Amino acid sequence: MSTLEIRNLQVSVNTDEGMVEILKGVDLTIESGQTHAIMGPNGSGKSTLAYSIAGHPKYTITGGTVTLDGADVLDMTVDERAKAGLFLAMQYPVEVPGVSVSNFLRTAATALRGEAPKLRTWVGEVKDAMEALNMDPAFATRNVNEGFSGGEKKRHEIMQLELLKPKMAILDETDSGLDVDALRIVSEGVNRAKAANNLGVILITHYTRILRYIKPDFVHVFANGRIVEQGGAELAEKLEASGYADYVSK
Amino acid sequence: MSVLTTNYLTPTGREEAWRFTPLKRLRGLHDGAAVQSDRESLITKGALPSGATFTRENLEPLSASDDVIIERVRGAVSSVAHLSIAANTELTEPIFLGRSAGGLDTAEFSRVRISLGTHAVATVIVENTTDTVLAEDLEIYLAPGSNLKFVTLQEFESKSVYTARHHAIVDKDATFKSITVTVGGDVVRILPTVAFKAPGASADLLGVYFATAGQFFEHRNHVDHAVPHAKSNVNYKGALAGKDAHTVWIGDVLIRAAAEGTDTYELNRNLLLSDGARADSVPNLEIETGEIIGAGHASTTGRFDDEQLFYLMSRGIAMADARRLVVRGFFNEIVTEIGNEEVQNRIMDRIDNELEKAARNG
Ligand SMILES: Nc1ncnc2c1ncn2[C@@H]1O[C@H](COP(=O)(O)OP(=O)(O)O)[C@@H](O)[C@H]1O
Ligand SMILES: [Mg+2]
């Protein structure tokens with residue numbers, strides 16, 4: 001049982017016009033097995049929240065705390081956060097030229113597990129994970145995210161989620177750019193990871209359609225750098241009908 | 001041994017061709033102060049396949065060179081180490097040549113010839129190790145329809161001085177690919193050059209280099225499109241780490257008036273891994289005819305991509321390992337072209353070591 005606790009998180013980003021505050025005090029607590037949907041308009045700070053928890057160097061924490069089972073996440077390096085059990089499925093996964101998917105995955109698994117996975121079982125593990133997400137085995141030999149379509153990048157992110165077995169995952173708009181079939185396949189991957197590892201999930205999304213596949217326990221409306229409303233799954237239905245206009249104008 | 005006394009021009013450092021090179025560190029190769037050794041260090045490693053011969057003979061140069069060190073080499077040495085691949089010989093395994101005998105007190109002046117008969121196919125890998133002072137005039141002739149992959153590995157130790165011209169003459173429908181790897185030495189200055197002799201010829205000039213603190217590596221490509229319908233592609237990638245690491249890449253491509261239907265592209269990318277290192281990159285395209293298929297060049301010099309490092313680290317990979325992956329990935333595209341796992345792994349390991357060494361020394 002794990003708890004990710006975000007308290008009064010304030011984050012700024014360095015721009016040409018100086019430091020700009022983006023997160024203005026975010027509070028959120030996620031327990032293992034729970035799924036929290038964060039919904040909000042473009043530019044409201046959702047990715048900033050995701051990146052800040054993962055430790056992207058571009059963002060400066062100006063206040064608040066993030067802890068995982070009491071351990072200070074903000075004090076950890078990016079790789080230490082992953083080793084502590086955090087995972088970020090990125091909105092825009094990064095291309096790494098010349099590094100094959102199989103080399104990348106094995107290096108990551110070695111780092112997270114503390115020892116190189118046995119080659120025999122590992123090959124099978126990767127093959128199964130790829131098959132489960134309907135990915136062509138040829139992906140293993142391609143360079144990380146290089147020339148991947150939008151949908152392929154997202155599948156690759158969820159494949160990592162299944163292979164690397166974190167405690168808490170932040171999925172940043174994993175659903176955007178997916179057609180209906182891909183959305184279902186990717187959602188099933190998330191649900192498998194939830195079932196297998198009692199994963200806690202922060203599901204950042206624009207649209208309610210992914211919530212048909214991944215059932216949220218809580219829905220948070222995000223606007224202008226903070227959570228402005230919280231509720232259960234029914235809140236998503238309301239957003240579907242009325243949009244974010246009510247929240248943005250506030 | 002003899003001290004060279006002939007009247008050669010001595011570069012001052014103001015000449016375009018010498019403006020980057022630290023002449024003082026050339027151990028007298030450029031000004032005649034070097035004492036010529038009687039070393040003939042180039043040897044074949046392992047038995048030669050049938051169709052290939054390795055001999056020493058007196059040969060006239062195939063091409064003129066205005067490089068003053070090459071002139072000195074030609075003045076001093078008439079015996080040429082000659083690897084010859086007979087016409088229609090198709091070799092599936094690479095031929096390994098190498099230099100492992102060296103010395104810093106005297107300088108080896110060496111002339112080398114590699115010739116391929118018509119429709120011969122071969123891969124030649126030259127392994128340069130040890131600490132040495134070496135000036136090399138290496139000429140390659142590809143007869144019509146032949147195909148050569150020519151790999152040179154500069155894996156010298158830290159005090160070596162190596163200046164060389166690797167000049168390929170590529171005849172009708174012949175295919176030349178060179179892969180020039182420079183990861184060791186104090187001063188390395190190589191002129192990988194190509195002249196097309198007849199239409200249908202093509203050349204890929206690929207290279208990687210990794211310079212750490214104090215090292216100077218210079219690669220001056222020159223591609224002479226003097227005939228129609230030849231194709232060239234230049235792609236050199238370098239990384240630098242450490243104080244006063246200095247690399248120079250010059251990409252001269254000349255498309256003469258007669259060279260209709262030329263297709264050429266040249267690219268140089270440098271990765272600056274620390275402060276205090278300097279990468280000079282000078283593409284230079286001269287076009288004397290508009291009747292070409294394409295001609296372009298690009299040159300970039302950048303640092304580690306934060307987004308790449310973040311992505312890798314967010315999967316638990318430590319900073320040092322993430323950097324290593326990115327650097328390996330950067331070089332991978334060219335190193336895999338060597339096509340020999342053992343050599344590729346050795347070069348990648350060497351690059352890892354250089355990176356680690358640089359990280360240790362800040
Ligand atoms: N690196 C950055 N430089 C400048 N502005 C940024 C940067 N990152 C985010 N922002 C700004 O912060 C705000 C929130 O962005 P983001 O977190 O990406 O929103 P969302 O994911 O909700 O669409 C936007 O106004 C965006 O322009
Ligand atoms: Mg976003």
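These numbers were taken from a predicted model, which means no experiment stands behind them. (Residues numbered from 1 in each chain as written. Chains lettered and ligands numbered in written order. Predicted model: local features only at pLDDT ≥ 70, side-chain atom pairs only at ≥ 80, totals over all residues. Heavy atoms only, no water.)

Details of the overall build of chain B
So the rule is basically this: Numbering of helices and strands runs from the N terminus; a helix is a DSSP stretch of H or I covering at least four residues, while a strand is a stretch of E covering at least two. The globule rule is 2.2 Å times the number of residues to the power 0.38, and the radius of gyration it is compared with is taken over C-alpha atoms. Residue exposure (1.4 Å probe, protein chains only): buried if accessible area is under 20% of the type maximum, exposed if over 50%, otherwise partly exposed. Accessible surface is estimated by sampling points in the Shrake-Rupley manner with a 1.4 Å probe; for residues, cover comes only from the protein chains shown.
When its secondary structure is counted, chain B shows four helices and 20 strands. What you see for chain B is a C-alpha radius of gyration of 20 Å, in line with the 21 Å of a compact globule of 362 residues. In terms of overall dimensions, chain B has C-alpha extents of about 60 × 50 × 45 Å along its principal axes. Within chain B, the fraction of its 362 residues that count as buried is 58%. Split by element, the accessible area of chain B, about 13900 Å² in all, is 48% carbon and sulfur.

With respect to the environment of Asp75(A)
On the secondary structure map, Asp75(A) appears in the loop between strand S5 (71-72) and helix H2 (78-84). Measuring from C-alpha to C-alpha, the distance between Asp75(A) and Thr65(A) comes to 9.7 Å, with 10 residues separating the pair along the chain.

So, the interface of chain B and chain A
Rules: In this description, contact between two residues means that some pair of their heavy atoms is separated by no more than 4.5 Å. Two parts placed together each lose some accessible area under a 1.4 Å probe, and adding up what both lose gives the buried area. In the sections that follow, a salt bridge refers to a side-chain nitrogen of Lys or Arg positioned within 4 Å of a carboxyl oxygen of Asp or Glu.
Taken together, the contacts link 16 residues of chain B with 33 residues of chain A. When chain B packs against chain A, close to 1900 Å² is buried across both sides, 69% of that on carbon and sulfur atoms. On the chain B side of the interface with chain A, the three residues burying the most area are Phe310(B), Tyr311(B) and Arg315(B), jointly 41% of the side's total. Run the count over chain B and chain A and you get one salt bridge. Between Glu157(A) and Arg315(B) there is a salt bridge, and its shortest N-O distance comes to 2.7 Å.

As for the coordination of the magnesium ion (ligand 2)
Residues and elements named next belong to chain A. Threshold: Each metal's donors are the N, O and S atoms within 2.8 Å of it, or within 3.2 Å when it is Na, K or Ca, and because water is not part of the set, sites may look incomplete.
The protein atoms donating to the magnesium ion (ligand 2) are Ser47 (OG) and Gln91 (OE1), with metal-donor distances spanning 2.1 to 2.3 Å. Highlighted residues: Ser47 in helix H1 (residues 46-54) and Gln91 in the loop between strand S6 (86-89) and strand S7 (96-100), separated in sequence by 44 residues. Each member of the pair, Ser47 as well as Gln91, carries the same accessibility label: buried.

Section: the packing of helix H3 (residues 101-113) of chain A against helix H5 (residues 150-164) of chain A
Residues and elements named next belong to chain A. Using the following cut-off: The angle between two axes is taken between their N-to-C directions and runs from 0 to 180 degrees, where each axis is a line fitted to C-alpha atoms and a helix contributes only its stretch in contact. The hand of a helix crossing depends on one turn: near helix anticlockwise from the far one by less than a right angle means left-handed, and clockwise means right-handed. Only Asp, Glu, Lys and Arg are considered charged in this grouping, and only Ala, Val, Leu, Ile, Met, Phe, Trp, Tyr, Cys and Pro are considered nonpolar; every other residue, Gly among them, is considered polar.
Contact geometry for H3 and H5: axes closest at 11 Å, N-to-C directions at 35 degrees. Judged by the sense of rotation from one axis to the other, the crossing of H3 with H5 is right-handed. Listed contacts from H5 to Val101, Phe104, Leu105, Ala108, Ala109, Leu112 and Arg113 of H3 are His156, Met159, Gln160, Leu163 and Leu164. Split by residue class, the contact of H3 with H5 holds nine nonpolar, two polar and one charged.

Description of the side chain of Ser52(A)
All names here are of chain A. Threshold: Here a polar contact means two N or O atoms within 3.5 Å. Within protein one must be a hydrogen donor candidate and the other an acceptor candidate, and residues neighboring in sequence count only if both atoms are side-chain atoms.
One can find Ser52 in helix H1. Under the relative-accessibility criterion, Ser52 is labelled buried at 3%. A distance of 2.6 Å separates a polar atom in the side chain of Ser52 from the backbone oxygen of Thr48.

Let's talk about the environment of Lys243(B)
Residues and elements named next belong to chain B. Relative to the helices and strands, Lys243 is located in the loop between strand S16 (231-241) and strand S17 (246-255). With a relative accessible area of 60%, Lys243 lands in the exposed category. The spacing of Lys243 and Gln215 is 28 residues in sequence and 9.1 Å in space, taken between C-alpha atoms. The contact partners of Lys243, leaving out residues within four places of it in the chain, are Ala213, Gly214, Asp275 and Gly276. Among the polar contacts made by the side chain of Lys243, one reaches the side chain of Asp244 at a distance of 3.1 Å.

Considerations on helix H4 (residues 119-132) of chain A
Residues and elements named next belong to chain A. How we decide: Each helix should span, by expectation, one fewer than its residue count multiplied by 1.5 Å.
When the terminal C-alpha atoms of H4 are compared, their 20 Å separation across 14 residues agrees well with the 20 Å that a helix rising 1.5 Å per residue should span. On its buried face, H4 is in contact with H3 and H5. Immediately downstream of H4, the backbone of Asn134 shows phi near 60 degrees, a positive value.

Thoughts on the sheet that holds strand S2 (residues 18-31) of chain A
Residue and element names in this part refer to chain A. Inclusion rule: Pairing between strands is defined by DSSP: at least two bridges between the two strands are required.
The strand order across the open sheet built from four strands is S2-S1-S4-S5, with neighbouring strands paired in antiparallel fashion. Strands at the two margins of the open sheet, each flanked by one partner only, are S2 and S5. Summarising the sheet, strand S1 (residues 3-15) and S2 pair through 11 bridges and their orientation is antiparallel. When the sheet's bridge partners are listed, Thr15 is paired in S2 with Gly18.

Observations concerning the site of ligand 1
All names here are of chain A. As a reminder of what qualifies: The near set for a molecule or strand comprises every residue that places at least one heavy atom within 4 Å of it.
The full set close to ligand 1 counts 13 residues, and Ile22, Gly43, Lys46, Ser47 and Thr48 are the nearest of them. Side-chain polar atom of Thr48 to an oxygen atom of ligand 1: 2.5 Å apart, as the coordinates give it. Measuring from a nitrogen atom of ligand 1, one finds a side-chain N or O atom of Tyr59 at 3.4 Å. Contact with the protein chains hides 65% of the accessible area of ligand 1, taken as 560 Å² for the molecule alone. Taken together, the elements giving at least two residues each to the shell around ligand 1 come down to S1 and H1. The biggest single contributor to the shell around ligand 1 is H1, with three residues. Here the residues of the shell around ligand 1 are counted per class, giving four nonpolar, seven polar and two charged.

Describing the packing of aromatic side chains
Just so we agree on the cut-off: Aromatic rings from Phe, Tyr and Trp, taking only the six-membered ring of Trp, are treated as a pair when their centres fall within 6.5 Å; an angle between ring planes under 30 degrees marks them as stacked, one over 60 as edge-to-face, and anything in between as tilted. Our definition puts a charge over a ring when NZ of Lys or CZ of Arg is within 6 Å of the ring centre and also within 35 degrees of the ring normal.
Applying the stated criterion to the full structure yields eight aromatic pairs over all chains. An angle of 20 degrees between the planes, with centres 5.7 Å apart, marks the rings of Phe104(A) and Tyr311(B) as stacked. A residue pair is termed interchain when its members come from two chains, as with Phe104(A) in helix H3 and Tyr311(B) in helix H2 (residues 306-313). Per residue, the accessibility class of Phe104(A) equals that of Tyr311(B), and both read buried. Where Phe330(B) meets Phe331(B), the ring centres are 5.1 Å apart and the plane angle is 65 degrees; that geometry is what we call edge-to-face. Residue Phe331(B) is classed as buried on the basis of its relative accessible area of 0%. Members of the aromatic cluster, each reached through a chain of ring pairs, are Tyr51(A), Tyr59(A) and Phe310(B). Positioned above the aromatic ring of Phe139(A), the side-chain terminus of Arg142(A) is 4.9 Å from the ring centre. The ring centre of Tyr311(B) lies 4.9 Å from the NZ or CZ of Arg315(B), which sits over that ring.

Quick notes on the pairing of strand S18 (residues 263-272) of chain B
Residues and elements named next belong to chain B. Bridging between S16 and S18 involves 10 bridges; their strand directions are parallel. Within the sheet, the bridge partner assigned to Lys231 lies in S18 and is Asp263. In the sheet, S18 pairs with strand S20 (residues 294-302) via nine bridges, with the strands oriented parallel. Bridged to Asp263 within S20 is Gly294.

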